[in-house]
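# Fold and geometry: a report
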Amino acid sequence: MKVAYISELKNHIGEEVEIRGWLYNKRSSGKIRFLIIRDGSGYLQAVMIKSELPEEVFNLYDELYYESSLAVIGTVREEKRAPGGVELTVKDIKVYQITEDYPIPKVREDNIPDVGVLLPKRHLWLRSRKQWALMRIRHTVEKAIHDFYDKNGFIRIDAPILTPAAVEGTTTLFETDYFGEKAYLTQSGQLYMEAACMAHGKVYCFGPTFRAEKSKTRRHLMEFWMVEPEVAYYELDDVMELAENFVSYIVERVLEERQEELKILERDTSKLENIKPPFPRITYDEAVKILHENGMEFEWGDDFGGDEETVISKSFDKPVMVHRYPAKVKAFYMKRDPENPELALCVDMLAPEGYGEIIGGGQREDDYETLLKRIEEHNLPKDAYEWYLDLRKYGSVPHSGFGLGVERTIAWLSGVRHVRETIPFPRLLEKIYP
Ligand code: 4AD
Ligand code: MG
């Protein structure tokens, strides 16, 4: 018996195959019964015809409940109206396990019950259709990230996860004990990429990062994945160009490869079709002006929160790059603007449709004395940054990079409100189960 996956059945029309999967749904109309089977690669309607089946096989229909595991043997038929273009006429069924009461039955129809019910059942919720679609989009986003950098001559360098020092401020560190010394889960691989780009020119890292953010918003996770390119001799404008080409490439790949999934998510893809470079670039000052024009109270010098980002991004139908924030709201490593040292040579990219900041980055301070001064100003332990300061002693050059948050990017592309659905097992404020 030929074992096949649902996604490849188009190539097996007229043949008898075995599909191994789970029961997603079922319905009955008199002498015909339908099993909707999922096998991970797709969904298939299997048709049971009473007159063509042994009675005990036909009667299995009544016993099979959602998520029962089974193999279905049958003949593949072309059926234009079916999703995937094929159906299966059942000849036999092998039952692996009959499930009696699936804990989240309503998820079958994506008539989503309360998230408070679903989140502790994440290990099962992953099987539902929308979650299935989201993980497949995530796969494509991750693949596109690696392809983009590979095609553009970047070397992937893995950054450590256990680190001796902070990158993005000391208030969001997860602390751990490292043989009697304090260590922290990484907030960003950036500092290590700065070292690596002096060895390879163009590098990037891709991995999990951790922030003990005391915020319970739809954009924050405690553990999230970030891709961080870093390029020697790049200045702020160069890195903005890299960012817009990169994001456009990811969008293009998702549109190319994940139409079915975007449809399941009811994503209006017309809004993604025009995401092509160049993206609008505005200064922080101009962004503040947009806030004031929209009647928001906002004081120059403050950082933007989610609400401000939403208002700014709504003025554009592409991601917008906001550059030159006040240095005091940004991290210690940012290079100052020579034209106005109050400002940092940094850039945030805000996604359209209110999805907020997906990229943060900019040009790095490359002067030894200045960087040392910043480390002191930020009350950071100089010893832990000795190696980082070395990079400014031995062949220092201008260099720039950024970090793109994978989950926020997927949330935007998929049109789901909350980042918690874009990662297989979200780590949320005070929630670490399952
Ligand atoms: O702006 P951030 O903090 O920048 C950095 O970490 C830099 N060191 C990156 C670099 O230049 N190499 O974070 C970068 C991106 C944000 O724009 C956002 O997309 C995402 O990471 N991000 C989060 N995503 C989910 N949950 C959180 N708590 C996040 N914090 C940041
Ligand atoms: Mg940021």
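The present account deals with the structure reproduced in this document. (Residues numbered from 1 in each chain as written. Chains lettered and ligands numbered in written order. Predicted model: local features only at pLDDT ≥ 70, side-chain atom pairs only at ≥ 80, totals over all residues. Heavy atoms only, no water.)

## A word on the packing of aromatic side chains
- If you walk through the whole model with that rule in mind, you get 22 aromatic pairs.
- With 5.0 Å between their ring centres and 90° between their planes, phenylalanine 148 and tyrosine 149 make a pair best called edge-to-face.
- Ring centres of tyrosine 284 and phenylalanine 304 lie 5.1 Å apart, and the angle between their planes is 20°; on these two criteria the pair is classed as stacked. Of this pair, tyrosine 284 sits in helix 9 (residues 284-293) while phenylalanine 304 sits in the loop between helix 9 and helix 10 (306-313), placing them 20 residues apart in sequence. Like tyrosine 284, the residue phenylalanine 304 is buried in the burial classification.
- Among the aromatic residues, those joined into a cluster by ring pairs are Phe148, Tyr149, Phe154, Tyr204, Phe246, Tyr249 and Phe402.
- Directly above the aromatic system of tyrosine 355 lies the positively charged group of arginine 218, at a separation of 5.8 Å from the ring centroid.
- The ring of tyrosine 325 carries the charged tip of lysine 330 above its face, separated from the ring centre by 4.2 Å. (Phe/Tyr/Trp six-rings, centres within 6.5 Å; stacked < 30°, edge-to-face > 60°. Helix = DSSP H or I, 4+ residues; strand = E, 2+ residues; numbered from the N terminus. Buried < 20%, exposed > 50% of the residue type's maximum accessible area, 1.4 Å probe, protein only. Lys NZ or Arg CZ within 6 Å of the ring centre and 35° of its normal.)

## Describing the site of ligand 1
- Surveying the vicinity of ligand 1 reveals 22 residues, the closest of which are Glu168, Gln190, Arg211, Glu228 and Glu357.
- Separating an oxygen atom of ligand 1 from a backbone N or O atom of glycine 360 is a distance of 3.5 Å.
- Arginine 364 is positioned with one of its side-chain polar atoms (N or O) 2.9 Å from an oxygen atom of ligand 1.
- Relative to its free-state accessible area of 630 Å², ligand 1 is covered by the protein chains to the extent of 94%.
- The pocket occupied by ligand 1, as judged from atoms lying within 2 Å of grid points, is the largest pocket.
- Listed by contribution, the elements that provide at least two residues to the shell around ligand 1 are strand 12 (223-232), strand 18 (356-363) and strand 19 (399-405).
- A per-class count over the shell around ligand 1 returns seven nonpolar, seven polar and eight charged. (Near = heavy atom within 4 Å. Polar contact = N/O pair within 3.5 Å; in protein donor to acceptor, adjacent residues only side chain to side chain. Areas by Shrake-Rupley, 256 points an atom, 1.4 Å probe, with all protein chains shown as cover. 1 Å grid on protein atoms, 1.4 Å probe; cavity = no way out; pocket = protein on both sides within 12 Å on 5 of 7 lines; lining within 4 Å. Sits in = over half its atoms within 2 Å of the grid points. Nonpolar A, V, L, I, M, F, W, Y, C, P; charged D, E, K, R; others polar.)

## Describing unusual backbone geometry
- Between proline 277 and proline 278 the backbone carries a cis peptide bond, its omega angle lying at 0°.
- In this structure, proline 278 sits in the loop between helix 8 (270-273) and strand 13 (281-283).
- Here the residue pair tyrosine 433 and proline 434 is connected by a cis peptide bond, since its omega of -5° sits within 30 degrees of zero.
- Structurally, proline 434 is set in the segment after helix 13 (406-414).
- One non-glycine residue, glutamate 67, lies in positive phi territory at about 70°.
- By the secondary structure assignment, glutamate 67 is in the loop between helix 1 (55-63) and strand 5 (69-78).

## Points about empty space enclosed by the protein
- Evaluated as defined, the whole model comprises three cavities of 30 Å³ or more.
- Surrounding the largest cavity, Thr163, Pro164, Ala165, Ala166, Val167, Thr186, Ser188, Leu191, Tyr192, Ala384, Tyr385 and Trp387 form its lining.
- A volume near 40 Å³ is recorded for the second largest cavity.
- As for the second largest cavity, its lining consists of Arg218, Arg219, Tyr355, Arg408, Ala411, Arg417 and Val419.
- By residue class, the composition of the lining of the second largest cavity is three nonpolar, no polar and four charged. (Points joined across faces, edges and corners; volume = space filled by probe spheres on them.)

## Focus: the nonpolar core
- Ranked by internal contacts, the top residues of the largest apolar core, which has 64 residues, are Ile145, Tyr149, Phe246, Val247, Ile250, Phe402 and Trp412.
- The residues that make up this core include at least three from each of domain 1 (2-97) and domain 2 (122-422).
- In this view, valine 247 contacts Phe279, Pro319, Met349, Ile358, Ile359, Leu404 and Trp412; residues no more than four positions away in its chain are not counted.
- The next biggest cluster of nonpolar side chains, apart from the first, holds 36 residues, and it includes Leu173, Tyr284, Leu372 and Leu380. (Core = buried A, V, L, I, M, F, W, Y, C linked by side-chain atoms within 4.5 Å. Domains from an automatic or database assignment. Contact = heavy atoms within 4.5 Å.)

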